[in-house]
Protein chains: 4
Amino acid sequence: MRLEAGCQLLFSAEAPSPLLLMLRPRSGEGQWVVREEYRLEPSVPMVEYTDSYGNLCQRLVTSEGRFLVYTAACVETADEIDVAPDAAYVPVELLPDGVVQFLLPSRYCQSDMLYDEAIAIVGDTEPGYAQVEAIRHWIHTQVKYQYGTSNSSTSAVDTAQSKIGVCRDFAHLGIALCRSLSIPARMVVGYLYELEPMDLHAWFEAFLSSPDGSTAEGRWYTFDATQPQPRGNRIAIAYGRDAADVALATQFGPLTLQEMRVWVKEG
Amino acid sequence: MRLEAGCQLLFSAEAPSPLLLMLRPRSGEGQWVVREEYRLEPSVPMVEYTDSYGNLCQRLVTSEGRFLVYTAACVETADEIDVAPDAAYVPVELLPDGVVQFLLPSRYCQSDMLYDEAIAIVGDTEPGYAQVEAIRHWIHTQVKYQYGTSNSSTSAVDTAQSKIGVCRDFAHLGIALCRSLSIPARMVVGYLYELEPMDLHAWFEAFLSSPDGSTAEGRWYTFDATQPQPRGNRIAIAYGRDAADVALATQFGPLTLQEMRVWVKEG
Amino acid sequence: MRLEAGCQLLFSAEAPSPLLLMLRPRSGEGQWVVREEYRLEPSVPMVEYTDSYGNLCQRLVTSEGRFLVYTAACVETADEIDVAPDAAYVPVELLPDGVVQFLLPSRYCQSDMLYDEAIAIVGDTEPGYAQVEAIRHWIHTQVKYQYGTSNSSTSAVDTAQSKIGVCRDFAHLGIALCRSLSIPARMVVGYLYELEPMDLHAWFEAFLSSPDGSTAEGRWYTFDATQPQPRGNRIAIAYGRDAADVALATQFGPLTLQEMRVWVKEG
Amino acid sequence: MRLEAGCQLLFSAEAPSPLLLMLRPRSGEGQWVVREEYRLEPSVPMVEYTDSYGNLCQRLVTSEGRFLVYTAACVETADEIDVAPDAAYVPVELLPDGVVQFLLPSRYCQSDMLYDEAIAIVGDTEPGYAQVEAIRHWIHTQVKYQYGTSNSSTSAVDTAQSKIGVCRDFAHLGIALCRSLSIPARMVVGYLYELEPMDLHAWFEAFLSSPDGSTAEGRWYTFDATQPQPRGNRIAIAYGRDAADVALATQFGPLTLQEMRVWVKEG
């Protein structure tokens, strides 16, 4: 489905403040950016670079006072995500070099501390897709989705205990549990069509073999513990090890986010 | 100035054909992509990757028959290019690592064969910006601009002899002469406002010291041997060693370009 | 000084086990690898790749039973590290693109949780080198160095509370405190001449302006909170955001480290 | 076989001269560097970086007068290269992103000018390994190997006409002919055991499907038109598009190579 998605951030700046943004989706394997817009009001100089995960990052210093960031994109997306119960665990020694880093613990995904929890969840499930699905399902049914119960310091270990959080916490927990079983997992932030309530969203991906279980080549699969069923029509904006890598806006000054508006509709 | 620029390629394909495109400008130091559009008719799957020069490359297989590529962008550009007569030669040992490759000969810029020509042109000009400007001026005045006099195999050595060519040949010759003097030079393809006749354009950049001649840090400067005067309002689409790196379309099948339309106007 | 340094790891493997190693120092700005050796007993196939921080990483699957990794290097090192009290804070908007990631919290350096501690330590010290030195000195005097008091899950937040740890914990705390003040900081693991007792070592680097305080260009400076005085004669093996990025050995199987020997002597 | 290989360059410098070297082999899929040495006499500061092909490049400024570069390595190599008559042509649209650049013409491999020659050589040979082998065999039998008949400006087009040259020319011609058939090909420089007479060597690699002809994944295969038979025991030092990318020494000053010694023996 072709989606029209966008996000508008209204800041109030007491003084000019450095701002890092990650708000430009890239065309890639699963999505094609047909049209795109990126506007600042007032207009200030802005540079863009690619981080080590391939995300486009925008750097600027805001003006003082009211500062608006407006981004919109029209993107071709897949209506369905691949569901592949037979996709197998890829042994560490066969992982592509660039995937190995997604086995390691990170700020919000302390996989080194959640092995017991992971084992308890997957039981004797076959290594691979079925384990990740067991983890996803366990989070979906055991962790309560509720706004305002977590904050920017909440980690997977916290959520494993509190059993409450938002999409970001669900993703962190899924990632940490996968990694503790030596399954590479990464965070994705982006848009999801018909998300209720509409907002920017976060989910995770796990690296497993090809759908038929042959392990010669692996690939990333989408998992979303906030949803009861697999859902497509997603626009990925950024990939990383966890939220520390993919903050859509990182500010370094006296800047207050006054208003944020997100929209996704059929294009 | 804010520019609206775009390019439309109409192909006729006897059979589905692999096609590499390089038609998406990136935001960077000197330009900001405010809005952008990229459309295929009929729509086919397309993936995008970043090459080793940082250019965004699009890969696809065309459908059979009529195949249209439409791209358009609204870009903030600088009205003037920096002219810096005092910018000095940067000694090879002080060049950034990533710049060194632009000293080497390449397919169309056989700098290893043009040292004598370069010396004859620059005479006893001070090493640095003044040399590059002498080269640019020499090409502008000594090489005749004429369509249809060169082709996709024409190199800087050819143009140094024939003294006739188009923007691409002018750029190749400028690059090769600079490199022969150990000045890093690279090719740029993109749009130029009010180019006559309107078309995609090619020019070159040379790496020199900061404008005041301090050599601690260097940067790229724009040179265009097709123009009598320095002109800004350019949109760079791709950078590379020469045209072999920055072909806007590379085809691998029975594909005929039927029509090409390019536009650049004030936005 | 020319140093002969090396490290030997003796493993016992119940079964062939994937192993990631990061034990090959690279030649770079501050050190030159004159001679180097890397041996496995028994010999098994091994591949090497470069991670996103530029570290050389070795991947292999051990044999079963006794498995020995032997590495040694002869490296030219600087006798002194640069001490630059006038090096200034580099504003976020002037940092090189690749340095920005070292401002973000990471697994063991939760800088988002240590801002109050950092402010308490640096007081009204001038932003820049003096702040980092205040942090380093505070750790050196307030945190007790003791083996066996921390483990592979211990983070900067833990150490800020326990005030006890080893070199890795000292580095994590220094990094997290720097980042909380928007000073980029990264972890280094390697060898230090005359370290007592001899072992692999960890320290940190902070990114500050040139020594004279001009902020046009910044660079990394070495800090080591385990030492009373600045000391040179270091060999860096790997750089990263924290220990999660620079584990010298990461194992994925029934592998036991039986013995580890480290040596550094004048070469 | 374990090989001890090395190379010693003796320069005479009228003045300190920038020098780029590419003399450090890297461990990789097909070779493992067990031991290595890199020495300058007199010792001067040297930095190392990785180019866009993954080669380690050393940069330095020589001292005046006698200047010696000594490198030696002990490397595990494969005794045989893979010969895979069933490896198939990989369609352009299935090539990995990083391989696409090896389809393009380059300084010494003007593949855009050799299509007719290539077609004449391969005739109706099945696309893939058999074509590359036909090209290799044609060069081996039709081009005369003779020192002193070519120079640093000689290109594949030159060699296709003169039918005489050295290893570098043989490789350039092989590469250009492959690329003209849309088979990615790249240059390799390195050591070959029992090469007669002993020298640094150059050969080429072509990218084809897996040995059984399945095209899902491709890989590089070694070809050497200077040899009558496939031979292993090679140490690759650098990879690139052609000799312009992989010059083992590139000098920028009044530097004369006085003597060069190369050795490869069983280790």
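For clarity, every value in this text was computed on a predicted model and none was experimentally measured.

**Details of unusual backbone geometry**
Next up, step 1: The amide bond that connects Glu-41 of chain A to the next residue, Pro-42 of chain A, takes the cis arrangement and shows omega of -5 degrees.
Next up, step 2: Summarising the element assignment, Pro-42 of chain A is placed in the loop between strand E3 (32–41) and strand E4 (46–50).
Next up, step 3: That bond from Glu-196 of chain A to Pro-197 of chain A is cis: its omega, -10 degrees, falls within 30 degrees of zero.
Next up, step 4: Tracing the backbone through its elements, the reader meets Pro-197 of chain A in the loop between strand E9 (185–192) and strand E10 (201–209).
Next up, step 5: Phi is positive for Ser-182 of chain C, close to 65 degrees, though the residue is something other than glycine.
Next up, step 6: Within the secondary structure, Ser-182 of chain C is located in the loop between helix H4 (167–180) and strand E9 (185–192).
Next up, step 7: We classify Ser-182 of chain C as buried; its relative accessible area is 17%.

**Concerning the interface of chain C and chain A**
Next up, step 1: At the junction of the two partners, chain C supplies 32 residues and chain A supplies 32 residues.
Next up, step 2: Counting each side, the surface lost to burial between chain C and chain A is near 2500 Å², with a carbon and sulfur contribution of 55%.
Next up, step 3: Counting the contacts that link chain C with chain A gives six salt bridges.
Next up, step 4: Between chain C and chain A we count twelve residue pairs in polar contact (both at pLDDT 80 or more) in total.
Next up, step 5: Here the side of chain C that touches chain A is composed, by residue class, of 17 nonpolar, eight polar and seven charged.

**Some words on the sheet that holds strand E11 (residues 218–223) of chain A**
Residue and element names in this part refer to chain A.
Next up, step 1: Spatially, E11-E10-E9-E12 is the arrangement adopted by the four strands of the open sheet, whose pairing is antiparallel. The strands lining the two open edges of the sheet, one partner per strand, are E11 and strand E12 (234–240). When the angles between neighbouring strand axes are averaged without regard to direction, this sheet yields 35 degrees.
Next up, step 2: Examined bridge by bridge, E9 and E10 share six bridges and lie antiparallel to one another. Looking across to E10, one finds that Val-188 is bridged to Trp-203.

**Points about the pairing of strand E10 (residues 201–209) of chain C**
Looking down a regular strand, the side chains alternate between one sheet face and the other.
Residue and element names in this part refer to chain C.
Next up, step 1: The element E10 is extensively covered by neighbouring structure, given that nine of its nine residues are classed as buried.
Next up, step 2: Pairing geometry for E10 and strand E11 (residues 218–223), over six bridges, is antiparallel. Paired with Phe-204 across the two strands is Phe-223, which belongs to E11.

**Comments concerning the side chain of Ser-210 of chain D**
Next up, step 1: Within the fold, Ser-210 of chain D resides in the loop between strand E10 (201–209) and strand E11 (218–223).
Next up, step 2: If we skip the residues at most four places from it in the chain, Ser-210 of chain D touches Ala-87, Glu-217, Gly-218 and Tyr-221 of chain D.

**A word on the domain arrangement of chain A**
Residue and element names in this part refer to chain A.
Next up, step 1: Segmentation of chain A into domains returns domain 1 (2–78 + 246–266) and domain 2 (92–230).
Next up, step 2: Of note, the centres of domain 1 and domain 2, computed from C-alpha atoms alone, are 25 Å apart.
Next up, step 3: Each partner contributes residues to the interface: domain 1 has 14 residues there, and domain 2 has ten residues.
Next up, step 4: Summing both sides of the interface, domain 1 and domain 2 together bury roughly 1000 Å²; the carbon and sulfur share of this comes to 78%.
Next up, step 5: A per-residue breakdown of the area domain 1 buries against domain 2 is headed by Val-246, Val-262 and Val-264, which together make up 43% of the total.
Next up, step 6: The interface formed by domain 1 and domain 2 contains zero salt bridges.
Next up, step 7: Put simply, domain 1 and domain 2 have zero residue pairs in polar contact (both at pLDDT 80 or more) between them.

**Describing the relation of the copies chain C and chain A**
Two copies of one chain are present, and they are related through a rotation about an axis combined with an axial shift.
Next up, step 1: At an RMSD of 0.0 Å, chain C and chain A line up after a rotation of 180 degrees and a shift of 0.0 Å along the axis. Taken together, the rotation angle and the small translation identify this as a two-fold axis. Judged by C-alpha distance, Arg-107 of chain C is the residue of chain C that lies nearest the rotation axis, at 1.6 Å.

**Notes on the sheet that holds strand E13 (residues 249–251) of chain C**
Residue and element names in this part refer to chain C.
Next up, step 1: Strand order in this open sheet of four strands is E4-E5-E2-E13, and the pairing throughout is antiparallel. Both outer strands of the open sheet, strand E4 (46–50) and E13, are each paired with one neighbouring strand and no more. Each neighbouring strand pair of the sheet contributes to a mean axis angle of 20 degrees, computed without reference to strand direction.
Next up, step 2: In terms of strand pairing, strand E2 (residues 18–21) meets E13 through three bridges, oriented antiparallel. The partner of Leu-21 across the bridge, within E13, is Ala-249.

**Points about a negative patch on the surface**
Residue and element names in this part refer to chain A.
Next up, step 1: A grouping of Asp-79, Glu-80, Glu-194, Glu-196 and Glu-266 is seen on the molecular surface, where their side chains present a negatively charged patch.
Next up, step 2: Positionally, Asp-79 belongs in the loop between strand E6 (65–76) and helix H1 (115–122).
Next up, step 3: For Asp-79, a relative accessible area of 45% translates into the label partly exposed.

**Points about H4 of chain C**
Residues and elements named next belong to chain C.
Next up, step 1: Between its first and last C-alpha atoms H4 spans 20 Å; for 14 residues at 1.5 Å apiece the expected length is 20 Å, and the two agree.
Next up, step 2: Here H4 lies mainly inside the structure; 13 of its 14 residues are buried.
Next up, step 3: Trailing H4 by a residue or two, Ser-182 shows a phi angle of about 65 degrees, which is positive.

**Let's talk about H1 of chain A**
Residues and elements named next belong to chain A.
Next up, step 1: If you check which residues of H1 are buried, you get Ala-118, Ile-121 and Val-122. The buried side chains of H1 occupy one side of the element, clustering within an arc of 85 degrees when seen end-on. In H1, those exposed residues whose orientation departs by more than 90 degrees from the buried face are Asp-116 and Ala-120.
Next up, step 2: In the core, the buried residues of H1 are packed alongside helix H2 (129–142) and helix H4 (167–180).
Next up, step 3: Where H1 ends, the next residue or the one after it, Gly-123, has phi of about 50 degrees, a positive value.

Scoring rules and cut-offs
- Residues numbered from 1 in each chain as written.
- Chains lettered and ligands numbered in written order.
- Predicted model: local features only at pLDDT ≥ 70, side-chain atom pairs only at ≥ 80, totals over all residues.
- Heavy atoms only, no water.
- Helix = DSSP H or I, 4+ residues; strand = E, 2+ residues; numbered from the N terminus.
- Buried < 20%, exposed > 50% of the residue type's maximum accessible area, 1.4 Å probe, protein only.
- Contact = heavy atoms within 4.5 Å.
- Buried area = accessible area lost by both parts, 1.4 Å probe.
- Salt bridge = Lys/Arg side-chain N within 4 Å of Asp/Glu carboxyl O.
- Polar contact = N/O pair within 3.5 Å; in protein donor to acceptor, adjacent residues only side chain to side chain.
- Nonpolar A, V, L, I, M, F, W, Y, C, P; charged D, E, K, R; others polar.
- Pairing = 2+ DSSP bridges.
- Axes fitted to C-alpha atoms, helices over the stretch in contact; angles between N-to-C directions.
- Domains from an automatic or database assignment.
- Least-squares fit on C-alpha atoms with pLDDT ≥ 70 in both.
- Patch = residues over 30% accessible without salt bridge, like charges linked within 9 Å, V, L, I, M, F, W, Y side chains within 5 Å.
- Areas by Shrake-Rupley, 256 points an atom, 1.4 Å probe, with all protein chains shown as cover.
- Lys, Arg positive; Asp, Glu negative; His and termini not counted.
- Charge placed at Lys NZ, Arg CZ, Asp CG, Glu CD.
- Expected span 1.5 Å × (residues − 1).
- Arc of directions from axis to C-beta.

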